[in-house]
Amino acid sequence: FFYTHDTPTDTSTAFSTHPPLYNSFALSLLSLTERERAHQTSWTISTSTLSHQEILSSQQRVRRKKRDKVRYDHLVDSTPSTTTQPTTFASRSLPNGSYSTKKKSQKAASKGPCCLPPLFTSTRKSSLVIMSADGEDKKLDEAEITQQMSTQADDGDFKDAVAEDADEGVDGKFEVSKEELAILRADLATEFPNDYNYLSDAYILSVASKPYSKDPTQRRPLDYSKEKLRHLMAWREEAGAAEMEDLVQLANGSPQAPEAVENPEKLTKAKAVVNCLNNSSMYWHGYTKEGRPILWIRTNRKPWYPDVDAEVNALILMADAGIRAMPEGITDFICIAESSYPPPPNPTFLINVLKALVRGYPDRLNYLVSAPVSSVVQFVMNLLLPLMPGRLASKIVLLGMDESKDRLKDILLNGEEDLPDFLNGGAKHDDLYPEESKCPNRGLGNLKFDYYGMVERMAIFKTEYEQKAAAQK
């Protein structure tokens, strides 16, 4: 927290005059009593939003300080407001506990593991300091951020993808013959000769076997399935998805290599993608009991000033690495995010990730668990839920730390043995995926993240899963 006596000071000024405080955003949460005392003595406070996590007993706060945990949420500037307008999640149900604007369901859902109080319960109006890629701090209130994201989501292709996603929720499965599968494969090979093998037979069949949204009693017409697969592959071509792993190889090589010298723009792009990997903020590690690969997200390692294009490219690279690691017959993955103290939300990054999920990876995300829940996560969900297809929103589960341990040990292949220490387990992920400052260079370039080691380990984990699955038959 930043205090400036008597003179109201913008949080960006506080950051610029106290860079060490910016780099290690410190101190535990203030109690409501302390907060009121600060206002009475004419301090101007830039602090986290009021939430259930802040209403802590003295003993709880002392224990947090002893653990030396840095607790923070997004930065807000407190200004008087004449009305109370709490922000709540969109009225859309989530698994195992729901967010709803209906009073009846609110009471019932309050017992669920992912039910939280409203994000803002204060009478004070809040604004956020948003970190932009150009290095400028921009103070925006909730309405401005929401408007900014809505404007960026006002994209014809994105809207079409969201509309198409609606018919994915029709339950049922029809048979697809080998001849029909061959026709779909031949069409992809003709239209996208350099990348048609990216889609497995299992995924193509999962698309073609679904009921037709206009008549659920019938299977989708083959031409309709062709069109959906073409849209996905066209997005990959536009995003350059097929070349992402080549960028890692380029960035890991010598800057004097012929390809690097002849194509400096590609080298710059490759280095930017690798820089996003080097903080080890996301990696594949292990499988679920059903054989789905697991993408782990460490939000506390994410940058405050993201290179949005590079971050999205790194996510595409990672998603494709996980898809290649899927056992036969598996078409989706799960994501587990440790989200106790993420960076401030970046609207451009959030909407670009959502576009990539909807357009480039339909039906790939099976489940996303975020734990423990913080005010930043609640705020981000407030922004994203109205823009998400309903089925995608239903796959996101927000849990407290204790609930996440019980839930995840039922999901992970080896149960509690696979639970990492940052979620109160025993597995040491940091031994394999340490912070950037502890990583050596892997080659002659700027790659520090152990990307190739990750791929090799996933192959070992895949064999372990397949052996366990075979033993259970």
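For clarity, every value in this text was computed on a predicted model and none was experimentally measured.

## Comments concerning helix H9 (residues 201-208)
Alright, step 1. Inspection of H9 places Tyr203, Ile204, Val207 and Ala208 among the buried residues, and these make up the whole buried set. Down the axis of H9, the sector holding all buried residues measures 130 degrees, keeping them to one side.
Alright, step 2. Contacts made by the buried residues of H9 are with helix H8 (178-191), strand S7 (215-219) and helix H10 (222-239).

## With respect to the packing of aromatic side chains
Alright, step 1. All told, the structure shown has eight aromatic pairs when counted by the stated rule.
Alright, step 2. Considering the side-chain rings of tryptophan 284 and phenylalanine 333, the 5.3 Å spacing of their centres and the 90 degrees angle between planes classify their relative orientation as edge-to-face. Separated by 49 residues along the polypeptide, tryptophan 284 in strand S8 (residues 282-287) and phenylalanine 333 in strand S10 (residues 333-338) bring together distant segments of the chain. Residues tryptophan 284 and phenylalanine 333 agree in their burial class; the two are buried.
Alright, step 3. Judged by centre distance (6.1 Å) and plane angle (85 degrees), the rings of tryptophan 296 and phenylalanine 422 are edge-to-face. Of this pair, tryptophan 296 sits in strand S9 (residues 293-298) while phenylalanine 422 sits in the loop between helix H18 (401-409) and helix H19 (451-472), placing them 126 residues apart in sequence. Accessibility assignment for this pair places tryptophan 296 and phenylalanine 422 in one class, buried.
Alright, step 4. Taken together, Tyr283, Tyr433 and Phe449 form an aromatic cluster joined through their ring pairs.

## What to know about the confidence of the model for the protein chain
Alright, step 1. For the protein chain, per-residue confidence averages 74 on the pLDDT scale, and residues scoring 70 or more make up 64% of the total.
Alright, step 2. The secondary-structure element of the protein chain with the lowest mean pLDDT is strand S2 (residues 43-47), recorded at 31, while S8 shows the highest, at 98.
Alright, step 3. Throughout residues 1-127 the model reports pLDDT below 50, and contacts reaching past four residues in sequence, or to other chains, amount to 230 contacts.
Alright, step 4. Note on residues 131-135: pLDDT under 50 across the span, and 15 contacts to partners over four residues away in sequence or across chains.

## Some thoughts on empty space enclosed by the protein
Here the idea is plain: a probe the size of a water molecule rolls over the atoms and shows the empty space left.
Alright, step 1. Under the definition given, this model contains six cavities of 30 Å³ or more.
Alright, step 2. Roughly 1000 Å³ of volume is contained in the largest cavity.
Alright, step 3. Along the walls of the largest cavity sit 39 residues, with Ile297, Phe349, Leu350, Val353 and Leu368 positioned nearest its centre.
Alright, step 4. For the lining of the largest cavity, the secondary-structure elements that each account for two or more residues are S9, helix H14 (308-324), S10, helix H15 (347-360), strand S11 (365-371) and helix H16 (375-384).
Alright, step 5. When grouped by side-chain class, the residues that make up the lining of the largest cavity number 33 nonpolar, four polar and two charged.

The rules behind these values
- Residues numbered from 1 in each chain as written.
- Predicted model: local features only at pLDDT ≥ 70, side-chain atom pairs only at ≥ 80, totals over all residues.
- Heavy atoms only, no water.
- Buried < 20%, exposed > 50% of the residue type's maximum accessible area, 1.4 Å probe, protein only.
- Helix = DSSP H or I, 4+ residues; strand = E, 2+ residues; numbered from the N terminus.
- Arc of directions from axis to C-beta.
- Contact = heavy atoms within 4.5 Å.
- Phe/Tyr/Trp six-rings, centres within 6.5 Å; stacked < 30°, edge-to-face > 60°.
- pLDDT = per-residue confidence, 0-100.
- 1 Å grid on protein atoms, 1.4 Å probe; cavity = no way out; pocket = protein on both sides within 12 Å on 5 of 7 lines; lining within 4 Å.
- Points joined across faces, edges and corners; volume = space filled by probe spheres on them.
- Nonpolar A, V, L, I, M, F, W, Y, C, P; charged D, E, K, R; others polar.

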